[in-house]
Structure formats: structure tokens, C-alpha cells
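Next come the chains, spelled out residue by residue.
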Amino acid sequence: MNEKKYLTKENIEFSLADLKQLTFEITDACNLRCKYCGYGEFYDDYDKREDKMINTQASLRLIDYLSSYWNSERNISLNKNVYISFYGGEPLINMKFIKTVIDYIKNLNCSCRNFTFSMTTNAILLKKYMDYLVENQFSLLISLDGNEYNTSYRVDKTGKPAFHEIIENVDALQKKYPDYFKEKVNFNAVLHNRNSVEEIFQFIKEKYNKVPSIGELNSTGIRPDKKTLYMETYRNSYESLHQSENYELIEKEMFLQAPDYNFLTIFIHQYSGFVYRDYSDLLFDKSSVKKIPTGTCPPFGKKMFVTVNGKILPCEKIGHKYALGEVTEKGVNMDLQAIADKYNAYYAKMNNQCSKCYRVKSCTQCIFNIDDLDEKAICYGYTNKQEFSEYYERNMDFLREHPEDYYRIMEEVFFE
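The structure displayed is predicted, hence computed values, not measured ones.

Quick notes on the rules
- Residues numbered from 1 in each chain as written.
- Predicted model: local features only at pLDDT ≥ 70, side-chain atom pairs only at ≥ 80, totals over all residues.
- Heavy atoms only, no water.
- Helix = DSSP H or I, 4+ residues; strand = E, 2+ residues; numbered from the N terminus.
- Expected span 1.5 Å × (residues − 1).
- Buried < 20%, exposed > 50% of the residue type's maximum accessible area, 1.4 Å probe, protein only.
- Arc of directions from axis to C-beta.
- Contact = heavy atoms within 4.5 Å.
- Pairing = 2+ DSSP bridges.
- Axes fitted to C-alpha atoms, helices over the stretch in contact; angles between N-to-C directions.
- Right-handed = clockwise from strand over helix to strand, strands pointing away.
- Phe/Tyr/Trp six-rings, centres within 6.5 Å; stacked < 30°, edge-to-face > 60°.
- Salt bridge = Lys/Arg side-chain N within 4 Å of Asp/Glu carboxyl O.

Participant: Tell me about helix α5 (residues 163-176), and name the residues and values.
Facilitator: Structurally, the α-helix is built with 3.6 residues per turn, so residues lying three or four positions apart point the same way. Helix length check: α5, at 14 residues, gives a terminal C-alpha distance of 20 Å against a target of 20 Å (1.5 Å per residue), a fit within 8%. Along α5, the residues classified as buried are F163, I166, I167, N169, V170 and L173. Within α5, the buried residues cover an arc of 165° as seen down the axis, which keeps them to one side. Relative to its buried face, α5 has exposed residues pointing more than 90 degrees away, namely H164 and K175. Contacts made by the buried residues of α5 are with α4 (126-135), β4 (139-143), α6 (178-184), β5 (185-190) and α7 (197-208).

Participant: Lay out the sheet that holds strand β7 (residues 304-306) in plain terms, naming residues and giving numbers.
Facilitator: Across a sheet, paired strands are connected by hydrogen bonds in the backbone, their directions being either parallel or antiparallel. Taken together, the 10 strands give an open sheet; going across it, the order is β6-β5-β4-β3-β2-β1-β7-β8-β9-β10, and neighbouring strands pair in mixed fashion. Bordering the open sheet on either side are β6 (213-215) and β10 (331-333), each of which pairs with just one other strand. Taken pair by pair, the neighbouring strands of this sheet meet at an average axis angle of 25°, ignoring direction. Relative to strand β1 (residues 21-25), helix α2 (residues 56-70) is tilted by about 170°, and along the sheet it contacts β1, β2 (80-87), β3 (113-121), β7, β8 (311-313), β9 (325-328) and β10.

Participant: Lay out the pairing of β2 with the relevant residues and their values.
Facilitator: Successive residues of a regular strand alternate their side chains across the two faces of the sheet. With five bridges joining them, β1 and β2 adopt parallel strand pairing. Bridged to Q21 within β2 is Y83. When β2 meets β3, the two strands line up parallel, connected through seven bridges. Along β3, the bridge assignment pairs F86 with M119. Handedness of the crossover is the feature at issue here: the chain leaves β2, passes through helix α3 (residues 95-106), returns alongside β3, and the resulting connection is right-handed.

Participant: Please give an account of the packing of aromatic side chains that cites residues and values.
Facilitator: All told, the structure shown has 33 aromatic pairs when counted by the stated rule. A ring pair is formed by Y271 and Y391, whose centres lie 6.4 Å apart and whose planes are at 70°; its orientation type is edge-to-face. In this pair, Y271 is assigned in helix α11 (residues 259-271) and Y391 in helix α14 (residues 385-401), connecting sequence segments 120 residues apart. Centroid distance F388 to Y391: 5.7 Å. Interplanar angle 45°. Geometry classified as tilted. Separated by three residues within a single helix, F388 and Y391 lie in helix α14, roughly one turn from each other. Comparing F388 with Y391, the two get one shared label, buried. Among the aromatic side chains, those forming a connected cluster through ring pairs are Y6, Y322, Y343, Y346, Y347 and F368.

Participant: Explain the pattern of salt bridges residue by residue, including any values.
Facilitator: When their charged atoms lie close together, side chains carrying opposite charge are able to pair. Going through the model one piece at a time under the given rule, you end up with 16 salt bridges. With a closest N to O distance of 3.5 Å, D171 and K207 form a salt bridge. Of this pair, D171 sits in helix α5 while K207 sits in helix α7; the two residues are 36 residues apart in sequence, bridging distant segments of the chain. Two residues, K205 and E253, come together in a salt bridge whose shortest N-O distance is 3.5 Å. Pair noted here: K205 is in helix α7 and E253 is in helix α10 (residues 247-254), with a separation of 48 residues, a long-range link. With relative accessibility at 23%, the residue K205 sits in the partly exposed group.

Function-wise, these values are silent; they only describe arrangement.
Next up, the structure:
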């Protein structure tokens, strides 16, 4: 079968050389038992949780492997920043690994890259390790769902609510390191049936003067026997925001974190004709370039995610069955040609739908979040001509009502 080659082995090599973020799932252990956790009772598309710690030597071999790309002729971005990120479970449970990796990175022979560190944490161990995190200028993303009731799904192993312990630790960090807190700490929240966008926003804004990122429950990999409970817990962020009497003020504060502004930014980026990523994008005639089907990120185009079991994935948001390779103490096992072939086969499967979809230029649909990808593979984001016309007018109406936001997006938003 002579399939169109959207992606080549060389494309993947350039992505590795230009990697923006390397994220380690350094443990699958956690000191909380959040009801809606992506590795919890609702889902079945991840490896079994066994309170494991990631293999340190294997992880160092992966850093060496990537360093060979960063130091190669394929590296076209001198002094580019790479985020080394730590994920869990709760990453602060495995502090030994964090310290080992940071020491290794600091001594790495890779002068063409700058490295910064980031972490998503539930803050239960924050007070214990905050001096080290500040010393190494970690960008921290703290999980908090709003006020005490809003956060009541975050409980420990005994079912005790964790809210007061989280707040105590976050307050201690803010008090001891106010400048660091202002510059490096942000919050993310999960939207569910015990909170709302307005409640989350108001609590975190008033208490910490931060605008939180707010995410919906993961909608893929849901266990069939848990779908009813999932739907009872799920809340839609757009609907929740617009139920607020002050939704326009909240929306302006949240900016790109708010659905309308996020959609509008994508719309302007793809359809205005005035947004360019670089000089090549400005000068190159793109009219003859065929769009790759779906909005799937190219492999390692944004990040690489390594599970506690050594599986290599393009990000943490997809099922572990879609691993693109693995890393062990012996080295990295990743066939780049096989990865390109796999993506090309998926693209070919979706091409018939995508070639007829009117929103193909602004598609955000990830292949790996499509049900039955290896079988029927139907994209429910498909947009016909009438639906696209409504989408276009909806964004234009928003711009007519908020003309100043066009300038804000064009001046403040940087696309990567």
C-alpha cells in the first residue's frame, strides 16, 4: 500500500533535537486519593499503580540519548530552553530522584541548551522541600480546586480532606519566599460537581492573587462501569463559566485560560493571515502545503513523557498503550522509522474525514483521544460547511463586541 508520507524519521530526529520539555513520571505513588484522578477509579487506560519509583539509571541514559541530539548538527536552536519536569503520583515522594537528575543536568556537557525545572505537586510535602525548590528556581504548579468544599475530593488514604494541610504549606511558601511565590508559583484546578469556574477563580485570585488554569475531567479511557458516575462528576468549563453573573470580568482576567479566548486565539492564528512563527513562516508560500490530518502534535514536537515503567510517550494525556518506545538501564529502545510509519498509518486512516472537514486548519483533535483508533476511528469534531460558517461568525461576533482583544492577542500571545 502506497500511503502518503506525512512524517519521516528525519522529522522526528529534528523534533528530538529541538525538544521543549522532558517530563518524568518519577513515581506512581501518591499521598492523596483524589476521586477523579486520571489514574483513579474512572479510568483503565494506564499501567497498574504499584507505588513504584522510576529507574534512575535508565532515566540518566535517556538524558544522554537526548543530549546526543541536542549536541548534533540537527540542533538549529542555540541556547534554547528545555524544561525538565517532574510528575507523579506525587513527585515530592521521590525527592532522591529529583536531586540526582538535577545534579546530572547541571554537569551535562550540553552548552547549546539551557535547562529549567518544573513540577506539578499536591503541596502535601511542600513545606519539607520548599528550600530546595526555591534554590533551584522550580516553576511550581500547585493543584487546588478552590475553597474547602470545592477541594473536598482531594483526600488522603484514610479519606481525610487535605485542604487545610495544602493551604498551610502553600501559605508557608508564600510567607518565606514572597518574590519566588509571585514569579514561579501557579495553580491548576480540576472542574467537577463540587465547584465552578467562578468559585475556583475567586478563591485563588483573592487568596493568592493568581489566575488558575482550570481543566475538565479527562474524557478518554473511561471504564464502562464508571461512565454514569463519571458523568455525575463531570462539569463543562464553558457552561460553568457562562453561568456566572460576572462571567465577562472573569473571562477577561483568565484570558487564554477561558474557553472563548482560547478558541479566538486559535481562530486568529489560523485564519487572520497576520500571524507568523518565524521569518521562514513569513516568507514561505504555504498555499501548496497539505495540512497533516487532525491537530495531533508531531511526536516529541512539544514534549516527551516517560512513565514510571520506562515507557516513552509524546505526552502524559494519552493512554499508556500508545507508547512509542521504552528506556531501560541498557539504553533507549525507540525505532524512529517505526514511529513515523505508525503516525502515517493513523493519518491515512483519518485523511478521508479530515480532507472534507472545514476546520482542518484549526483542528485541536488529538488522534490518541479518538475512540476505537485502531478500528473504526470516527472524529466527532468533524465540521461541515454550515457548522464552519457558524464557527466563523461566532468568532467574528466576539471580535466585534471586544475589538480591544484582537490587539491584546496579537501583542501578548506568542505561538510556539
